[in-house]
Amino acid sequence: MNVACFDIGGTGLKFALIGQDLVLKDKKEVPTPKELEGLLAFIADCLQGKKVDALSFSFPGAIDKDRGQIMGISAVPYIHGPSWYDLLADYHLPIYLENDANCVGLSQLAISKEIKNFMCVVCGTGIGGALVIDRKLIAGPKAFAGEYGCMIVDSSQKPIQNWSQLASTGSLVRQVTKESHKDLGWTGRKIFEAAANGDQTCQNAINRMIRYLAIGMMNLYYCCDPEMIFIGGGISQNPDFINQLKEELQQLTANYEGFPVAPEIAACHYHQDANLIGAYMNTFQ
């Protein structure tokens, strides 16, 4: 089966034709247009002259699969509201829609047929994720399953902040910008580079973020007992970040008897193509 896969993001649109060999063919990437008509034109251009069996999309936001609507809000406001089944009806093809963080999780199904139960934590502007049990994505009646960023990991702060507000890359950038009293265009990468060069503010902010990340992952692990927790988002490709997170998890098990073992963690495999591969894997769900 050849599936036309689309990754709809806040800054860019991606396309690839994917089949059973999992090779991404005819890849295209363009900046996200400002209007719906531009997105529909991109889809039409990608499909021009191609024989495909289905259309599959990775979207930001919660998915109402009965009505084909993208719920909630995102950096692409015009995708929310209309039925994508109606918008794409003229193609007369099966249409699959899934949340972007869920697609990152589903992409891991393409790596191994052995793993059955795992979680995916996508760390970016906020924290999203996916829960896969017996190789099936768990959504829940309101599609809230995997919305790990809403978890409370520290109730001592007033007002209470959730996991996204304390442990995401976005929270790291906000913390460094606030404590350094200057906006130098901080990004996760710049902060880790500055920390490696001895910047104490950046080092402290990273340690704080990783501490909260580890606490949240312990909560997730002992709720669902996954075989693995995969980490997504651009920061996951930093080996120093993954190693520090592993060390923090080990320290939690060493210091608290209530945590007999630490979860196994690893960076997601497909990096920038995870949403496209996940869109393809979603057609088997």
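The rules behind the values
In this convention, every chain numbers its residues from 1, walking through the sequence in written order. The model is predicted, so local features are restricted to residues of pLDDT at least 70 and side-chain atom pairs to those at 80 or more, both for listing and for counting; the totals for chains, interfaces and linings are taken over all residues. As a rule here, side-chain values cover all heavy atoms of the structure and leave hydrogens and water aside. Working definition: with a 1.4 Å probe on protein chains only, accessible area under 20% of the residue-type maximum means buried, over 50% means exposed, and in between means partly exposed. What counts as a helix is a DSSP run of H or I of at least four residues, what counts as a strand is a run of E of at least two, and both are numbered from the N terminus. One requirement defines pairing of two strands: DSSP has to find at least two bridges between them. Looking down the strands as they point away from the viewer, one classifies a crossover as right-handed if the path from the first strand across the helix to the second runs clockwise. Fitting a line to C-alpha atoms yields each axis, with helices limited to the stretch in contact; the angle taken between N-to-C directions then spans 0 to 180 degrees. Two residues qualify as a contact provided that any one of their heavy atoms is within 4.5 Å of a heavy atom in the partner residue.

Caption draft 1: Expanded view of the pairing of strand β11 (residues 228-232). Here β11 lies mainly inside the structure; five of its five residues are buried. Taking every second residue as pointing to the same face, both faces of β11 are buried, with M228, F230 and G232 on one and I229 and I231 on the other. The pairing of strand β8 (residues 118-123) with β11 spans five bridges and is classified as parallel. Each residue of the ladder has a partner; that of V121, found in β11, is I231. The parallel pair β11 and strand β12 (residues 265-267), bridged by helix α8 (residues 239-255), forms a crossover whose chirality is right-handed.

Caption draft 2: Representation of the pairing of strand β1 (residues 3-8) within the structure. With six of its six residues buried, β1 lies for the most part within the structure. In β1, alternate side chains face the same way, and those of V3, C5 and D7 on one face and A4, F6 and I8 on the other are all buried. With six bridges joining them, β1 and strand β2 (residues 12-18) adopt antiparallel strand pairing. Bridge pairing in β2 links C5 to A16. Of the strand pairs in this sheet, β1 and strand β4 (residues 54-59) are connected by five bridges, and their pairing is parallel. By the bridge assignment, D7 is partnered in β4 with S58.

Caption draft 3: How the structure looks around the sheet that holds strand β3 (residues 24-31). Pairing is mixed across the open sheet formed by five strands, whose spatial order is β3-β2-β1-β4-β7. The strands lining the two open edges of the sheet, one partner per strand, are β3 and β7 (95-99). The sheet shows a mean angle of 15° between the axes of neighbouring strands, direction not considered. Across the sheet, helix α1 (residues 36-47) touches β1, β2, β3 and β4, and the angle it forms with β1 is around 150°. Here helix α3 (residues 100-107) sits on the sheet in contact with β4 and β7, set at roughly 100° to β7.

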